[in-house]
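Chains, contacts and geometry: an overview
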Amino acid sequence: MRSNFWQPWVRRYREFQQIGRDPILMVGLLAAAAFVFLFVVWPILRVVWQGFFNFSSGAFSLEYFARYVDPYFARHSWNTLRDTMIMGLGTAAGGTVLGFIFAYTLVRCSFPFPRLAHALTLVPTISPPFAIAIAAILLFGRSGLVTRTLLGMQFGYGMNDIYGLDGLVFVQIITFFPVAYLILRTMLERLDPAMEEAAQSLGASKFHIFRTVTLPLLVPGIAGSFLLLFVESLADLGNPLLLTGTRNVLSTEIFLAINGEYNQQKGAALSLVLLIPTLAVFLLQRYWVSRRSYISVTGKPTGGQIKVGESYIRWPFIIATALTLLMVLALYLSIALGSITRLWGFDYSLDLSNYQIVFTRGIEAILDTTYLSAVATPIAGVLGMIIAFLVVRRQFAGKEALDFVSNLGAAVPGTILGIGFIVAFIRPPWPALILVFVAFLAYLLSTMRAQRGQKLLIVALGAAPGLALAALLPALIGEWVLSYVGLGVAILLWMVGRAGAEPARRGAVTRLLLAPVLGLLAFIAGPFLTNWVSYWGRAQGGQSAKVITSLADWLDVFTQAPLPTHGILLLAIGGFVMSYLRPTRRAGFTILLLGLGSMLIFAGQPLALVGSSYIIIAAFAVRSLPASVRAGVAALQQIDPAIEEASTSLGADAQITFRRVTLPLIAPAFLAGLIFSFARHMTSLSAIIFLTTPKWKILTVLILSEVEQGGLNIATAYAMIVIVIVLAAIGLFYAFMARTYASQTVDLTTGVG
């Protein structure tokens, strides 16, 4: 019985040992797991915890959950929940139906100019999330071009206008239906037409074939689209803030609780209420996606697509699609015209002063948003490919959990993540940081060939002095001076590692251990350069001062990375180079390594990131990570593992095989994931709105602020700038793909579904 009890644990240990034979793969697994734990799991857990405890006193409280049964608050609370569900269900149903109509029209009905129609359909996915709401106000608001100027409508008290649940659902359907369109179009294109042709040859009508053959095959995609749009609708913040009118939904209640009432417990409690349906729907969506295996996803069938020729079927689909495209085009034209109009609703004369204001007052937001989005993009892309490779190509305990958690960033509403980031990182996340440290420590010790008692002694001799220095030095001489001590110890570690390395591996050890030295040197020297650049920039005055000071802040992003990242990087490098050292030198090297690593990780206020650029970068990366993971998984599933096995059989280790064989094959999917991630970063709002500061301004937050202050014309100019930046990035991406891979069509649908 005892052997049966330990057998599963032994098997799991051996699985990790198998991965640990390739240090780069093991470090990648640890880095990916640490990232999703710190920036996905930990914030969600903190939100759940905070909902039951008063933020100031720490006392246990059910105050905001009890409001659902308190007669004084119950009506408002339940009405808000009801309106939230109506919004989600209405958007999901309408968006899925419209997405199916578009997909069926463009795949089966020979729609004219299909490439142009496809491009116009995708425009809402690359614009700010509430751009359609702004356009709807410009056209159908109380001073709208259609309602007031063309139709002469005057809205009085109680009259139905664009504000309210019906207007909100309409806007969300137009905003999110492209997601359903992409999912259903992909499924329609990959359906094997043999069954439909067989039914047709037996005399079945087109409607009967559609009802009994086509539709059942599309059920998983329809269900997946419905559930995904339901989650997207509940997670949306920008559109409800602008259009709910006298109605309330949970996302706006959460926002007002944090930004209006400064009540973190209320915001967290409402977030938990919102988390329950969204998480349940996410689990259902994953279940439906897993049932898609019986549909061919290996390529288009040789038989081609069945086209609909009957006019009574074809023309209703074409007319519905064309009218919707005209609506989308009108909405975005109103944004473009609004950006060059003096005062929409009263004075439609052309005026470029809006752009002058934008580039004067908002140049820092434009530059900072683009820069932070660009920095977060490769982080999400690389982590996504690592997770995808581990999920598809490796077997280890916790693989399903890693896959599930890495996708939570898109499933959990951004408002919940934003609040979670504030609660989790306003103070050092000690429990999470300790767990990450223990994971890297366990990997480091696993690379040592020593008895258990010797390993414990080495940990005590190394970590104890490091922790003592981390506790004492910041209080005695300041946290900044600690970096000088760390640099000195890093140089000593470099010398010890170089002297103790095997002769054939000395060059590799020298280069690897030089990384933490250079990192700490940049941490120390960086402020001298950036302070000089900022001083010189402010002396220039005008717009130049804003641009140059932004450049100085950008340099700080790379040079002033939090000290815990230096410590974790050091432990990862230490585990990698351990096998390159002579056995007699490993103990001393490990003691010095642990002392420096623990000192850097736990000194001062580690990972108290609120107010910094790093928390915005992390939020961006978390929101786009699922798209990168899905892109990588889809690409890897289409690659025969025999290719990689052949490389391994010829003597290449896992990292060489991945770098020289796997990576070139999945490069198109990797690059597609990057461009989707950049577009998502540029248009993100719900998670970022809580994290911006006067130093780091984000365009979407600035757009929302302008709308709230009545500056619709300025807001449209900002929205046009976001759209132009994203379109330029996509254009460069397509040009690069066409030149590098001789392909004019690249699948950008990996970010949905």
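**Remarks on the overall build of the protein**
Looking only at helices and strands, the protein features 31 helices and two strands. Of all 753 residues assigned to the protein, the portion counted as buried reaches 54%. Restricting to contacts in the protein with at least 6 residues of sequence separation, those with at least 24 account for 81%. Surface accessibility of the protein: about 33,300 Å² in total, with carbon and sulfur atoms responsible for 67%.

**Let's talk about helix H6 (residues 131-140)**
Most of H6 is tucked away: nine of the 10 residues are buried. If you check which residues of H6 are buried, you get Ala131, Ile132, Ala133, Ile134, Ala135, Ala136, Ile137, Leu138 and Leu139.

**Observations concerning the packing of helix H2 (residues 23-50) against helix H27 (residues 613-637)**
If you want to describe how two helices pack, look at the angle between their axes and the distance between the axes. Where H2 meets H27, the axes come as close as 10 Å, and the angle between the chain directions of the two elements is 105 degrees. In terms of axis orientation, H2 runs roughly perpendicular to H27. Across the interface between the two elements, Phe35, Val36, Phe39 and Val40 of H2 pack against Ala618, Ala621, Val622 and Leu625 of H27. Here the residues of the contact of H2 with H27 are counted per class, giving eight nonpolar, no polar and no charged.

**As for the packing of helix H20 (residues 430-446) against helix H26 (residues 586-602)**
For the pair H20 and H26, interaxial distance at closest approach is 12 Å and the crossing angle is 165 degrees. Of the possible angle classes, the one that applies to H20 and H26 is roughly antiparallel. Between H20 and H26 lies a crossing of right-handed hand. Judged by residue contacts, Trp430, Leu433, Ile434, Phe437, Leu441 and Leu444 of H20 engage Thr590, Leu593, Leu594, Ser598, Ile601 and Phe602 from H26. Class assignment of the residues belonging to the contact of H20 with H26 gives a composition of 10 nonpolar, two polar and no charged.

**Details of the confidence of the model for the protein**
Taken over all residues, the pLDDT of the protein has a mean of 82, while the share at 70 or more is 88%. A low-confidence stretch, residues 293-303 (pLDDT under 50), is modelled with 18 contacts involving residues beyond four sequence positions or located in other chains.

**Describing the side chain of serine 628**
Of note, serine 628 is situated in helix H27. Sequence-distant contacts of serine 628, defined by excluding residues within four places in its chain, comprise Ala380, Gly381, Gly384, Met385, Gly673 and Ser677.

**Focus on the packing of aromatic side chains**
Applying the stated rule across the entire model yields 22 aromatic pairs. Ring centres 6.4 Å apart and planes at 75 degrees place the aromatic pair tyrosine 371 and phenylalanine 558 in the edge-to-face group. Note that tyrosine 371 is positioned in helix H16 (residues 363-393) and phenylalanine 558 in helix H24 (residues 542-559), a separation of 187 residues in sequence. Taking the relative accessible area as the measure of exposure, tyrosine 371 reaches 15% and is therefore buried.

**A short note on unusual backbone geometry**
Within the chain, serine 110 stands out as a residue other than glycine whose phi angle is a positive 50 degrees. Residue placement: serine 110 occurs in the loop between helix H4 (71-108) and helix H5 (114-122). With a relative accessible area of 40%, serine 110 lands in the partly exposed category. A positive phi angle is found at phenylalanine 113, which is not glycine, with a value near 50 degrees. Along the chain, phenylalanine 113 turns up in the loop between H4 and H5.

**Digging into H24**
The terminal C-alpha atoms of H24 lie 27 Å apart, and with 18 residues this matches the ideal 26 Å at 1.5 Å per residue to within 8%. Those residues of H24 that are buried lie in contact with H16, helix H23 (506-540) and H27.

**With respect to the pairing of strand S2 (residues 347-350)**
One ladder, built from two bridges, connects strand S1 (residues 341-343) with S2; its direction is antiparallel. Following the sheet pairing, threonine 341 is matched in S2 by leucine 350. Taking the residues that link successive antiparallel strands as the turn, the S1-S2 hairpin has three residues, and the phi of glycine 345 there is positive, at about 95 degrees.

**Points about the side chain of threonine 147**
If you trace the backbone, threonine 147 turns up in helix H7 (residues 145-150). Among the polar contacts listed, one links the side chain of threonine 147 to the backbone oxygen of glycine 141, at a separation of 2.5 Å. For threonine 147, the contacting residues outside a window of four places in its chain are Leu139, Phe140, Gly141, Gly152, Met153 and Phe155.

**Quick notes on the pattern of salt bridges**
Side chains that differ in sign of charge can pair as their charged atoms come close. Enumeration according to the criterion identifies eight salt bridges in this entry. Arginine 247 serves as the salt-bridge partner of aspartate 83, at 3.0 Å between the closest nitrogen and oxygen. Taken together, the residues aspartate 83 in helix H4 and arginine 247 in the loop between helix H11 (238-243) and helix H12 (250-259) connect sequence positions 164 residues apart. Ionic pairing is found between glutamate 364 and lysine 697, a salt bridge with its closest N-O pair at 3.8 Å. Remark: lysine 697 occurs in the loop between helix H29 (654-682) and helix H30 (699-708) and glutamate 364 occurs in helix H16; sequence separation between them is 333 residues. Glutamate 364 gets classed as partly exposed once you look at its relative accessible area, which sits at 22%. Members of the salt-bridge network, linked through shared partners, are Arg82, Asp83 and Arg247.

**A few points about a nonpolar patch on the surface**
Together, Trp315, Ile319, Leu323, Leu326, Leu329 and Leu333 make up an exposed nonpolar region whose accessible area comes to about 600 Å². Position of tryptophan 315 among the secondary structure elements: in helix H14 (residues 311-338). On the accessibility criterion, tryptophan 315 (44% relative accessible area) is partly exposed.

**Thoughts on the environment of phenylalanine 589**
Relative to the elements of secondary structure, phenylalanine 589 occurs in helix H26. For phenylalanine 589, the contacting residues outside a window of four places in its chain are Leu493, Val496, Gly497, Leu513, Gly574, Val577, Met578 and Leu581.

**Points about the environment of glycine 144**
Inspection of the secondary structure puts glycine 144 in the loop between H6 and H7. For glycine 144, a relative accessible area of 0% puts it in the buried group. Considering only alpha carbons, one finds glycine 144 and glycine 345, 201 residues apart in sequence, at a separation of 6.0 Å.

**Focus: the environment of serine 534**
Residue placement: serine 534 occurs in helix H23. Judged by relative accessible area, which is 11%, serine 534 ranks as buried. Residues serine 534 and alanine 552, 18 residues apart in the sequence, show an inter-C-alpha distance of 5.9 Å. Setting aside anything within four residues of it in sequence, one finds serine 534 in contact with Thr549 and Ala552.

The rules behind these values
- Residues numbered from 1 in each chain as written.
- Predicted model: local features only at pLDDT ≥ 70, side-chain atom pairs only at ≥ 80, totals over all residues.
- Heavy atoms only, no water.
- Helix = DSSP H or I, 4+ residues; strand = E, 2+ residues; numbered from the N terminus.
- Buried < 20%, exposed > 50% of the residue type's maximum accessible area, 1.4 Å probe, protein only.
- Contact = heavy atoms within 4.5 Å.
- Areas by Shrake-Rupley, 256 points an atom, 1.4 Å probe, with all protein chains shown as cover.
- Axes fitted to C-alpha atoms, helices over the stretch in contact; angles between N-to-C directions.
- Parallel < 35°, antiparallel > 145°, perpendicular 65-115°, else oblique.
- Nonpolar A, V, L, I, M, F, W, Y, C, P; charged D, E, K, R; others polar.
- Left-handed = near helix turned anticlockwise from the far one by under 90°.
- pLDDT = per-residue confidence, 0-100.
- Phe/Tyr/Trp six-rings, centres within 6.5 Å; stacked < 30°, edge-to-face > 60°.
- Expected span 1.5 Å × (residues − 1).
- Pairing = 2+ DSSP bridges.
- Polar contact = N/O pair within 3.5 Å; in protein donor to acceptor, adjacent residues only side chain to side chain.
- Salt bridge = Lys/Arg side-chain N within 4 Å of Asp/Glu carboxyl O.
- Patch = residues over 30% accessible without salt bridge, like charges linked within 9 Å, V, L, I, M, F, W, Y side chains within 5 Å.

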